[in-house]
Amino acid sequence: MSNYIVLVKQVPDVSQITDNAFNPETGTLIRTRLASVINELDAQALAAANYMNQLCGERGKIVSLTMGPPMAAEVLRYSLARCADSAVLLTDRALGGADTCATANPLAFAIRKIVKDILGGSSDYFIVSGMQSVDGDTAQVPAQIAEELDVPCIAYVTDIKYDGERFEFSRIISGGNQWVASRSVPAVITVAKYEYPLFATFAGERGANRFELIQWGTDDIKAEYTGIEGSKTRVIRVFPPPGTTRKCKEITDARKIAGIIADCLDESQKKDEKAAGDGNGYVLPGARENIFDRSFEGTHKESEDYKILTGIIEKLGIKSLADITDDVKEKILSKAGEHFHKNALEDMLEGFKTTEPAYNGEVWVAVEHDGNKIHPATFELIGKARDLAGSLKTKVGAVVAGGKPEGFGQELISAGADTVYAVEHPMLETFDPKAYRKAISETIEKYWPQIVLFAATSMGRMLAPMIAYRLRCGLTADCTGLEIKDSSRKGQVGILMQTRPALGGNVMATICTKDSKSQMATARPGVMKRLEPDKKRKGEIIKNKVQLNQTDLSLDIIKTEKATGKINLDSDIVVSGGKGMQSRDNYEKLLSKLVTAIADKFDVSIERGASRAAVEQGFVERIHQVGQTGTSISPKIYIALGISGAIQHLIGVANSETIIAVNSDPAAPIFKHCDYYINGTVEDVVPELVEAIAGINKKD
């Protein structure tokens with residue numbers, strides 16, 4: 001008989017976000033202006049835990065756990081009204097402002113107390129959680145809880161079976177799905193989809209309202225890392241995302257869409273692309289011409305303050321810090337007026353003394369591969385790593401674990417790596433998160449690079465949080481921007497500023513690492529630019545040994561389902577079908593006709609894609625899935641047929657140059673995130689579009 005601890009979270013209803021939900025000066029979300037709801041994936045996790053309980057035959061306890069302010073009790077009563085037997089509210093002012101490390105740690109300590117106080121010390125339990133929450137979108141907390149508790153983690157679960165002795169889980173992997181079982185319990189399960197919601201009964205609602213919630217604070221759980229002080233990252237600034245550059249223009253004639261495709265391809269060919277590695281031109285303070293130059297500060301306010309200060313210093317004829325006496329300080333303050341006051345001036349002057357980078361070591365990329373081929377996102381990260389390393393006057397390293405990873409060495413060097421750290425062991429032939437995190441963590445500990453970058457793929461989003469937590473390092477998820485900047489007033493120069501979207505892309509945050517030996521981030525595939533491979537590049541391959549045994553494996557792999565054959569989602573054009581295609585026959589017939597028509601008319605590479613819904617309906621194999629849980633892409637043109645536009649899909653195609661959508665629903669979310677759209681059925685529009693493309697005159 002298994003028990004279940006379900007992690008639930010109260011989040012703002014991001015579907016109702018409007019402009020007045022943000023503070024116009026700070027860009028921060030005013031949460032009181034939004035309704036609070038249970039995180040949708042956590043609601044699915046609750047239903048999945050209830051399903052697991054039913055599959056066993058013998059019912060165990062379901063305990064719902066949340067961390068938040070007192071009002072978070074609402075999500076616990078939601079859980080109790082549906083299936084939970086007990087509920088724990090972890091609430092304390094000291095827990096506020098926590099990052100994922102300082103969230104996972106208290107939750108893990110609360111779980112230990114639940115096991116002791118409520119489950120009678122039983123080790124037969126599962127921790128079930130949504131894959132991620134909409135307000136953070138990091139997917140880090142469940143994996144970090146697993147690391148703290150030293151238990152297996154099975155992420156991106158979409159289906160569950162019980163064979164009479166143990167549970168089997170279907171999980172999303174790159175290019176397919178895989179059935180696995182945990183080698184031991186307890187274990188953490190993160191749910192990516194469970195489409196059988198639970199509904200509250202009248203009796204359930206009454207019982208939930210009468211239930212006396214268990215409430216704990218920091219003194220009850222004795223966690224190691226809590227709140228802002230226990231966090232490994234700090235937010236530099238929060239700001240609204242830049243206004244959309246998408247045209248969101250409705251087109252009523254398929255012939256116009258055909259012309260738009262031709263024009264976009266022509267325009268893309270003429271466009272001067274910014275070369276990878278240009279970066280932001282960062283120069284370490286010690287190498288700048290002016291010792292008072294602080295033009296690479298992390299915030300606009302600090303940059304402006306230093307600019308004003310430097311201008312005043314130049315006018316006063318000051319050549320060194322030693323010349324700035326108390327009298328000079330008074331003159332500076334007089335000329336600065338309201339721009340900054342005495343304490344700020346002292347901080348800035350102190351900041352001038354810091355010229356060496358806050359971190360030392362190489363810039364590393366954690367290599368993702370399937371045993372045969374390196375994931376394209378790895379090459380994108382190496383391109384960015386070259387840019388960052390150039391600014392910091394250091395080298396680029398690539399750490400690769402596997403059965404025979406040395407074979408990837410020259411390809412990684414050609415892509416831009418200076419040193420390849422190959423961690424070889426037979427037990428690393430197949431990806432197991434527990435074994436891989438040990439292999440890579442030990443290699444990082446041996447060399448301590450100053451930056452480690454991971455791809456924000458299904459594998460990277462599970463592995464990176466475990467490694468970061470194990471090494472007590474900060475981690476920022478799903479970055480779309482990485483730059484070297486300074487925070488001189490805090491005595492830090494040459495630090496990695498990591499910018500990422502949150503709240504479903506409704507807000508942006510720039511984050512930096514603190515209290516860590518290395519700065520770590522996952523970056524979205526398709527955002528960074530890979531370098532052209534140079535087969536003449538020379539580099540070094542360093543072999544690293546790791547001691548592994550059977551206890552370092554967490555999963556039994558039962559079956560892996562991956563499509564065979566060649567697919568190139570890096571093509572110039574990707575045409576995807578969604579649930580609106582209605583059937584596999586429609587998908588095959590309509591997409592094939594459109595793909596063939598475009599390929600015949602234009603000299604471009606083209607590939608078929610699909611939404612997750614289309615894959616799960618069986619229209620096409622998962623290797624074609626586009627989106628956050630599939631493959632993130634950045635084609636010249638992305639054509640979405642019958643795809644409504646779930647946030648995970650939109651995130652994965654956001655870097656497409658031009659997005660064209662066809663959907664019969666006039667309120668389809670994708671219409672607000674595309675350049676051109678037709679409101680119509682794919683059955684009507686696609687044949688017209690095929691005919692129109694065939695009639696286009698080729699351009700010389």
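These figures come from a predicted structure and were not determined experimentally.

Definitions and cut-offs
- Residues numbered from 1 in each chain as written.
- Predicted model: local features only at pLDDT ≥ 70, side-chain atom pairs only at ≥ 80, totals over all residues.
- Heavy atoms only, no water.
- Helix = DSSP H or I, 4+ residues; strand = E, 2+ residues; numbered from the N terminus.
- Core = buried A, V, L, I, M, F, W, Y, C linked by side-chain atoms within 4.5 Å.
- Buried < 20%, exposed > 50% of the residue type's maximum accessible area, 1.4 Å probe, protein only.
- Domains from an automatic or database assignment.
- Contact = heavy atoms within 4.5 Å.
- Buried area = accessible area lost by both parts, 1.4 Å probe.
- Salt bridge = Lys/Arg side-chain N within 4 Å of Asp/Glu carboxyl O.
- Polar contact = N/O pair within 3.5 Å; in protein donor to acceptor, adjacent residues only side chain to side chain.
- Nonpolar A, V, L, I, M, F, W, Y, C, P; charged D, E, K, R; others polar.
- Patch = residues over 30% accessible without salt bridge, like charges linked within 9 Å, V, L, I, M, F, W, Y side chains within 5 Å.
- Areas by Shrake-Rupley, 256 points an atom, 1.4 Å probe, with all protein chains shown as cover.
- Lys, Arg positive; Asp, Glu negative; His and termini not counted.
- Charge placed at Lys NZ, Arg CZ, Asp CG, Glu CD.
- Pairing = 2+ DSSP bridges.
- Axes fitted to C-alpha atoms, helices over the stretch in contact; angles between N-to-C directions.

Student: What's the story with unusual backbone geometry in this structure? I'm lost.
Tutor: In terms of backbone geometry, most residues other than glycine have negative phi values and most peptide bonds are trans. Of note, the bond from V185 into P186 is cis; its omega dihedral lies within 30 degrees of zero at 5°. Position of P186 relative to the elements: it lies in the loop between β9 (176-182) and β10 (187-191).

Student: I'm lost on the nonpolar core in this one. Help?
Tutor: Across soluble globular proteins, nonpolar side chains have a tendency to be buried as a group. Ranked by internal contacts, the top residues of the largest apolar core, which has 67 residues, are L65, I111, I114, I145, L428, I444 and M520. Here this core gathers at least three residues from each of two domains, domain 1 (3-231) and domain 4 (363-546). Setting aside its immediate chain neighbours within four residues, L65 contacts I5, V6, L7, V8, L76, V88, L107, A110, I111 and I114. With 42 residues, the next largest nonpolar core counts I257, V604, V685 and A692 among its residues.

Student: What's the story with the domain arrangement of the protein in this structure? I'm lost.
Tutor: Interface size is commonly expressed as the accessible surface area that is lost when the partners come together. Each assigned domain of the protein is listed here: domain 1 (3-231), domain 2 (249-271 + 566-695), domain 3 (285-352) and domain 4 (363-546). For domain 1 and domain 2, the distance between their C-alpha centroids amounts to 36 Å. Counting from both sides, the interface comprises 11 residues of domain 1 and, opposite them, 7 residues of domain 2. Here domain 1 meets domain 2 over a buried area of about 760 Å², counting both sides, of which 50% is carbon and sulfur. Among the residues domain 1 hides against domain 2, the three largest losses belong to I172, G175 and K193. Together they make up 45% of the total. In this structure, the connection of domain 1 to domain 2 is made through 1 salt bridge. On inspection of domain 1 and its partner domain 2, the count reaches 2 residue pairs in polar contact (both at pLDDT 80 or more). Only β7 (153-162), β8 (167-173) and β9 provide two or more residues apiece to the side of domain 1 that touches domain 2. By residue class, the composition of the side of domain 1 that touches domain 2 is 5 nonpolar, 5 polar and 1 charged.

Student: Would you take a moment to explain a negative patch on the surface for this structure?
Tutor: The grouping of E683, D684, E688 and E691 at the surface amounts to a negative patch. Here E691 lies in helix α19 (residues 682-694).

Student: Sorry if this is basic, but what is going on with the sheet that holds strand β16 (residues 419-424) here?
Tutor: Strand pairs in the sheet, formed through backbone hydrogen bonds, run parallel or antiparallel to each other. Spatially, β18-β22-β17-β14-β15-β16-β23 is the arrangement adopted by the 7 strands of the open sheet, whose pairing is parallel. Two strands in the sheet have a free side with no partner beyond their single neighbour: β18 (475-479) and β23 (540-544). Recorded for the sheet is a direction-independent mean angle of 20° between the axes of neighbouring strands. Relative to strand β22 (residues 519-523), β18 is paired through 3 bridges, and the arrangement is parallel. Paired with L475 across the bridge in β22 is M520. Of the strands in this sheet, β14 (363-366), β15 (396-402), β17 (451-455) and β22 touch helix α12 (residues 376-392), which is tilted by about 170° from β14. Contacting β14, β15, β16, β17, β22 and β23, helix α14 (residues 433-447) runs over the sheet at an angle of about 150° to β15.

Student: Any chance you could explain the pairing of β17 here in plain terms?
Tutor: Consecutive residues of a regular strand have side chains that alternate between opposite faces of the sheet. Of all the 5 residues making up β17, 5 are buried; the element is thus mostly covered by neighbouring parts of the structure. A two-sided burial pattern is seen for β17, the buried positions comprising I451, L453 and A455 on one face and V452 and F454 on the other. Two strands pair when backbone bridges link them, and β17 and β22 are joined in this way by 5 bridges, in the parallel orientation. In the strand pairing of β22, I451 is matched with Q519.

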